[in-house]
Amino acid sequence: PFLFSLAGEESLGSQLFGVWQLAGDVIRPRPALEPDVPISHTGVNPFGINTFLQQEVEPAKRERQVQMIAEAGFHWIRQEFPWYDIEIDAKGNFDDCRFPPCHSAWDKYDQIVALADSHGLEIIARLSAPPAWSRADGTARGAFAPPDNFDDFADYAAAVATRYAGRVRYFQVWNEPNIYPEWGEMSVDPKAYTALLCRTYRRLKAIDPNIVVLSGALAPTSELTGRDLNDFVFLQRLYDAGAGRCFDILSMQGYGLFSGPTDQRRRPINVNYNRNQYIRDIMVKNGDAGKAIWISEMNWNALPPKGGGGIPPIYGQVTLEQQARYAPMAYQRAQDDWPWIGVVNFWFFKRADDSEKSQAWYYFRMVEPDFTPLPVYAAMKEYAAGTPVMYPGRHEEDHWTIRYFGDWHSVNDPRAELGRYVETRSEGGLSFRFSGSSLSLLTLQSNSSGVALVQIDDGPARPVAFSLSMPAEFGRVVSLADRLPNAEHTVTVRNARGASGYGTLAIDGLIVRREPSPVGAVLIVMAVLLGAAWAAARRAK
């Protein structure tokens, strides 16, 4: 188990080889990750899943699917709103006459949005898949080739955002623009994608500044052929073209493929679940340390035994039991190790039928087309039902694990981290569970001094004073707990009543830390021992 926790490999031989590679990573330059800076859009419920609700012909099946997703504990659905299925025959025409009588092309999507609302789910709307009329040559360059006029795409995005204003807030612009055929049967083009992204970003923000724009998910690849372009190279070229100003969240894929979710190796030409560290490094070096990464697709491919009836394991191959173990571990790893990661979207819930069962990607499903759940469904349902935990990192006051009670108010102030904080001037408090050895509160010294009572686990409540200051000073770090066992703890903070009444308790963020891990030293020792054993074996031979 210890070797699996390092290399993400199941067999002993693969584990030893993986640890050997990992030991080599220790002496290489480390990515610039900046885990302790304030990062927007990370303190969200991490449980998302990809859906194909638009492919279900029967409304009752869409409803059943959304109900099962909500019951499993997911909060987000990443749902495509295909352009070709909404503005089908001509610009500005939202009628669907493919199967007479004609009806509104919005009908199906209206139901999807309503179902999400009724089950407490938030939608990440994937905007992609142009209709043939948007290109002079139709489908000659492939069904996913970009439109001739990027304003047409921006108009379609604006139409979706306007129709679902106040109900759908998160929009992802395109999918995998760095690989063929997602950019059509043509060479990918970072500059062209940047132009499309920026034009769409401006249109969406003009409709509602609170809309959150996600970049198109980058596909992991080491190819440099032009039709497929390495995600690191593609991302840097996006920044060079000015794309950094045109998205709020960066999207990437998070497949594990040939190793498990605990694989800690940094191998840039090999795809593993650890790959996001390189993406984060590029973001930091381009001044985007304050932006989150959301993983658009994550899973392991559970091909049937014995080669899946002749299907090549191009996405790796795990058993259904391994898939059920790996998915919760992937969510745990993202929360525990990577404070720059927000939502992780499982790929995928189900397909409408089994017509694609001869293709390897079909076996990423969580539920069969007839709604029979696979083992991973029960595993994720059990994991998501656990108590939310705040893991190490610098977190905002609206982190999804925090439960406020009493009279709190949100205050917008450009001096606060990410422009906002919360405060109470009466009886009120907050509680949450965190994992680490220390906890600090990011607050401000205001014109009203006070005392907070801090209780860790079942221990006694300890008073922490907030001193008087004029004018208000932001960025004050107050230690709430230190030198705790490196484990999970529960904290409750209450605004205490003094002789002159309640003071002001302001929360601008929370910082969780843990004791440094000895893994690096262990790896170096193991590498030396493995090298000595190999040398001894060579001499003996």
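That block above? That's the structure.
In every chain, residue numbers begin from 1 and rise along the written sequence. Local features are withheld for residues below a pLDDT of 70 in this predicted model, meaning they are given only at 70 or higher, and side-chain atom pairs are given and counted only at 80 or more; totals for whole chains, interfaces and linings count all residues. Side-chain numbers here rest on the full set of heavy atoms in the structure, without hydrogens or water.

Undergrad: What is the right way to read the overall build of the protein chain from this model?
TA: Of the regular secondary structure elements, the protein chain holds 12 helices and 23 strands. Values of the radius of gyration come from C-alpha atoms, whereas the globule rule sets the reference at 2.2 Å times the count of residues to the power 0.38. Against the compact-globule benchmark of 24 Å for 541 residues, the protein chain has a radius of gyration of 25 Å, which places it among compact chains. Taken along the three principal axes of its C-alpha coordinates, the protein chain extends 75 × 75 × 45 Å. Looking at the protein chain as a whole, 55% of its 541 residues are labelled buried. Any two residues having at least one pair of non-hydrogen atoms within 4.5 Å are treated as being in contact. The long-range share in the protein chain, meaning contacts at least 24 apart out of those at least 6 apart in sequence, stands at 73%. Per element, the accessible surface of the protein chain, about 23000 Å² overall, is 55% carbon and sulfur. By the counting scheme adopted, Arg and Lys are positive, Glu and Asp are negative, and His together with the chain ends is not counted. Just so you know, the charge point we use is NZ for Lys, CZ for Arg, CG for Asp and CD for Glu. Charged side chains of the protein chain number 54 positive and 62 negative; the gap between the two group centres comes to 5 Å. Elements are defined by DSSP. Helices are runs of H or I of four residues or more, strands are runs of E of two residues or more, and each kind is numbered from the N terminus. Relative accessibility thresholds used throughout: buried, under 20% of the residue-type maximum; exposed, over 50%; partly exposed, between the two (1.4 Å probe, protein chains only). Note that accessible areas follow from Shrake-Rupley with a 1.4 Å probe, and for residues the cover is restricted to the protein chains shown.

Undergrad: Even after reading the chapter, I still don't get the nonpolar core, so can you show me in this structure?
TA: For the purposes of this section, nonpolar cores are sets of buried Ala, Val, Leu, Ile, Met, Phe, Trp, Tyr and Cys residues that join through side-chain atoms within 4.5 Å. Among the nonpolar cores identified, the biggest contains 100 residues, and Phe74, Phe81, Trp294 and Met366 are the most heavily contacted of them. Examining the composition of this core, we find that 7 residues originate from one element, helix H6 (residues 190-207), more than from any other. Residues contacting methionine 366, with those up to four places away along its chain left out, are Ile49, Phe74, Phe346, Phe348, Phe349, Pro373, Leu374, Val376, Tyr377 and Met380. One finds Val454, Val464, Val478 and Ile507 within the second-largest nonpolar core, a separate group that totals 23 residues.

Undergrad: When you look at the state of the cysteines in this model, what are you seeing that I'm missing?
TA: Working definition: the covalent bond between the sulfur atoms of two cysteines is a disulfide. Two cysteine sulfurs form what is called a disulfide whenever their separation falls within 2.5 Å. As enumerated under the stated definition, the model contains 2 disulfides in all. Note on cysteine connectivity: cysteine 97 is disulfide-linked to cysteine 102, with sulfurs 2.0 Å apart. Between cysteine 97 and cysteine 102 the disulfide shows an S-S torsion of about 120 degrees. By sign, it is right-handed. Exposure remark for cysteine 102: the relative accessible area of 48% places this residue in the partly exposed category. A sulfur-sulfur distance of 2.0 Å marks the disulfide that ties cysteine 198 to cysteine 246. A torsion of 100 degrees about the S-S bond marks the disulfide between cysteine 198 and cysteine 246 as right-handed.

Undergrad: Is there a simple way to think about the sheet that holds strand S22 (residues 505-507) in this case?
TA: Two modes of strand pairing occur in sheets, parallel and antiparallel, and in both the strands are linked by backbone hydrogen bonds. Ordered in space as S13-S14-S22, the 3 strands form an open sheet in which the pairing is antiparallel. The open sheet terminates on both sides in strands that have one partner only, identified here as strand S13 (409-412) and S22. This sheet shows a mean twist of 30 degrees between the axes of neighbouring strands, independent of strand direction. As defined by bridge partners, strand S14 (residues 420-424) adjoins S22 across 3 bridges and the pair is classed as antiparallel. When the bridges of S22 are listed, threonine 424 appears paired with leucine 505. Think of it this way: DSSP has to see at least two bridges between two strands before they count as a pair. All axes are obtained by fitting lines to C-alpha atoms, using only the stretch in contact for helices, and the reported angles, taken between N-to-C directions, cover 0 to 180 degrees.

Undergrad: In this structure, what is going on with the pattern of salt bridges? I would like to understand it.
TA: Should their charged atoms come close, side chains of opposite charge can pair. One side-chain nitrogen of Lys or Arg within 4 Å of one carboxyl oxygen of Asp or Glu is enough to make a salt bridge. In this structure the tally under the stated criterion is 36 salt bridges. Across the pair lysine 357 and aspartate 354 runs a salt bridge, and its minimum N-O distance is 3.8 Å. Note that glutamate 417 is salt-bridged to arginine 394, the shortest N-O span being 2.7 Å. Separated by 23 residues along the polypeptide, glutamate 417 in the loop between S13 and S14 and arginine 394 in strand S11 (residues 393-395) bring together distant segments of the chain. Within this structure, Asp85, Asp96, Arg98 and Lys108 form a network of salt bridges that share partners.

Undergrad: Even after reading the chapter, I still don't get the pairing of strand S8 (residues 249-253), so can you show me in this structure?
TA: Two faces, one strand: in a regular strand the side chains alternate between the faces of the sheet. The buried count for S8 comes to 5 of 5 residues, which makes it a mostly enclosed element. Here S8 shows a buried face lined by Ile249, Ser251 and Gln253 and a second buried face lined by Leu250 and Met252. Sheet topology places S8 next to strand S9 (residues 292-298); 5 bridges connect them, and they run parallel. Note that in S9 the partner of isoleucine 249 across the bridge is alanine 292. With the strands aimed away from the viewer, a crossover counts as right-handed if its path from the first strand over the helix to the second runs clockwise. The parallel pair S8 and S9, bridged by helix H8 (residues 276-285), forms a crossover whose chirality is right-handed.

Undergrad: Hey, could you run me through the side chain of glutamate 182 in this one?
TA: Note that glutamate 182 resides in the loop between strand S6 (170-173) and H6. Of the buried charged residues, glutamate 182 lacks a salt bridge, with arginine 126 as the closest side chain of opposite charge at 4.6 Å. Sequence-distant contacts of glutamate 182, that is, excluding residues within four places in its chain, are made with Phe144, Trp174, Asn175 and Glu176.

Undergrad: Please clarify how unusual backbone geometry should be interpreted in this entry.
TA: Generally, phi is negative for residues other than glycine and the peptide bonds are trans, each holding for most cases. A cis amide bond links proline 100 with the next residue in sequence, proline 101, at an omega value of 5 degrees. Structurally, proline 101 can be placed in the loop between strand S3 (95-96) and strand S4 (103-104). Omega for the bond connecting tryptophan 347 with phenylalanine 348 falls within 30 degrees of zero, at 0 degrees, which places this linkage in the cis form. Locating phenylalanine 348 in the fold gives a position in the loop between strand S10 (341-346) and helix H11 (375-384).

Undergrad: Is there a simple way to think about helix H3 (residues 59-71) in this case?
TA: Note on helix geometry: an α-helix contains 3.6 residues per turn, so any two residues three or four positions apart are oriented the same way. In this scheme, a helix's expected span is set at 1.5 Å multiplied by one less than its residue total. The first and last C-alpha atoms of H3 sit 18 Å apart over 13 residues, in line with the 18 Å expected at 1.5 Å per residue. Residues of H3 that are buried include every one of Arg62, Gln65, Val66, Met68 and Ile69, and no others. Summarising the axial view, the buried residues of H3 lie within an arc of 160 degrees, below the 170-degree limit, and thus occupy one face. Those residues of H3 that are buried are in contact with strand S1 (47-51), strand S2 (76-80), helix H4 (107-118) and H11. Once H3 ends, the next one or two residues include glycine 73, with phi positive near 95 degrees. Along the arc lie the directions from the helix axis toward the C-beta atoms.

Undergrad: Help me out: how do you make sense of the environment of tyrosine 363 in this one?
TA: By the secondary structure assignment, tyrosine 363 is in the loop between S10 and H11. Judged by relative accessible area, tyrosine 363 falls into the buried class, the value being 9%. As a C-alpha pair, tyrosine 363 and tryptophan 347 span 16 residues in sequence and 9.9 Å in three-dimensional space. Once residues lying within four places of it in the same chain are set aside, the contact partners of tyrosine 363 are Trp300, Asn301, Ala302, Leu303, Pro304, Ile311, Gln323 and Lys357.

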